[in-house]
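Geometric and topological summary
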Amino acid sequence: MRFLIDFFPIGLFVAAYKLHDIYTATAVLMAATLVQTGIIYAIDRKLQTLQKVTLVLVIVFGVLTLALHDERFIKWKPTVLYASMAIVLGAALWGWKKNFLQILLGSQLTLPTAVWARLTVIWIGYFLFMAAINGYVAAYYSTEDWVNFKLWGYIFPVIFIIGQGLYIARHLKEPEADGKEQP
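In what follows, the accompanying structure is described. The model shown is predicted, which means the values in this text are computed figures rather than measured ones.

Notes on the overall build of the protein chain
In terms of helices and strands, the protein chain carries eight helices and zero strands. Listing the helices and strands of the protein chain from first to last along the sequence gives α-α-α-α-α-α-α-α. Reported as C-alpha extents along the three principal axes, the dimensions of the protein chain are approximately 65 × 40 × 25 Å. Going through the 183 residues of the protein chain one by one, you find that 37% of them count as buried.

Pasting the structure below:
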């Protein structure tokens, strides 16, 4: 279900673009992201930093796209988001000696410190890859191609999540048996 919640703004954006134009699609994306954020907050009673940043960037770049009637803003929003996330994770890890990924997810996963460090570097690489590929498509391809990439490019996060899950699974600690028989 979470995948559907994450995917529906992109799906609506692509549908609105196909039926109308990039400006209608941008307005739909803004509204869908607001709804998505509300749903996530209703379910979790909190928002992750990435969700907040995504919402702010969608609204800011969406408003710029609509107000200036310039599609470049919405096309470059993902590049700015991904590059910003890579910079923040890298600066925290190597500059401030803090592992933000571990801080954010450490209550949900128990992993060795070295694994958290490697996982953070993997995330930095993923964010840089996504920033670069979106920037390339936004700069050198038509808006139609970029919108199609937004839909079919969703395979990259899916592959990343599966790969990350496989990597993490090898390092998860088994719950300690307390000698009691499980029901």
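Observations concerning the pattern of salt bridges
All chains considered together, the criterion is met by three salt bridges. For Glu 144, the salt bridge identified is with Lys 18, shortest N-O distance 2.8 Å. In this pair, Glu 144 is assigned in helix H7 (residues 143-152) and Lys 18 in helix H1 (residues 2-19), connecting sequence segments 126 residues apart. The exposure class assigned to Glu 144 is partly exposed, which follows from its relative accessible area of 34%. A relative accessible area of 43% means that Lys 18 is categorised as partly exposed. The shortest N-O distance in the salt bridge between Glu 71 and Lys 75 comes to 3.7 Å.

Remarks on the packing of helix H2 (residues 22-44) against helix H3 (residues 49-68)
Direction vectors running N to C along H2 and H3 enclose 160°, while the axes themselves pass 9 Å from each other. For the element pair H2 / H3, the angle class is roughly antiparallel. The two elements H2 and H3 cross, and the hand of that crossing is left-handed. Here H2 contributes Tyr 23, Thr 26, Ala 27, Leu 29, Met 30, Thr 33, Leu 34, Thr 37 and Ile 40 to the contact with H3, which in turn contributes Gln 51, Leu 55, Val 58, Ile 59, Gly 62, Val 63, Thr 65 and Leu 66. By residue class, the composition of the contact of H2 with H3 is 11 nonpolar, six polar and no charged.

Quick look at a nonpolar patch on the surface
A contiguous nonpolar patch, built from Val 88, Trp 96, Phe 100, Ile 103 and Leu 104 and spanning about 490 Å² of accessible area, is present on the exposed surface. Looking at the nonpolar patch element by element, the count peaks at three residues for helix H5 (residues 100-105). Inspection of the secondary structure assignment puts Leu 104 in helix H5.

A look at the environment of Asp 6
Looking at the secondary structure, you find Asp 6 in helix H1. For Asp 6, a relative accessible area of 34% gives the class partly exposed. Along the chain, Asp 6 and Arg 118 lie 112 residues apart, while their C-alpha atoms are 25 Å from each other. In this structure Asp 6 touches Gln 36, Ile 40 and Tyr 154, once residues within four positions along its chain are discounted.

What counts and what doesn't
- Residues numbered from 1 in each chain as written.
- Predicted model: local features only at pLDDT ≥ 70, side-chain atom pairs only at ≥ 80, totals over all residues.
- Heavy atoms only, no water.
- Helix = DSSP H or I, 4+ residues; strand = E, 2+ residues; numbered from the N terminus.
- Buried < 20%, exposed > 50% of the residue type's maximum accessible area, 1.4 Å probe, protein only.
- Salt bridge = Lys/Arg side-chain N within 4 Å of Asp/Glu carboxyl O.
- Axes fitted to C-alpha atoms, helices over the stretch in contact; angles between N-to-C directions.
- Parallel < 35°, antiparallel > 145°, perpendicular 65-115°, else oblique.
- Left-handed = near helix turned anticlockwise from the far one by under 90°.
- Contact = heavy atoms within 4.5 Å.
- Nonpolar A, V, L, I, M, F, W, Y, C, P; charged D, E, K, R; others polar.
- Patch = residues over 30% accessible without salt bridge, like charges linked within 9 Å, V, L, I, M, F, W, Y side chains within 5 Å.
- Areas by Shrake-Rupley, 256 points an atom, 1.4 Å probe, with all protein chains shown as cover.

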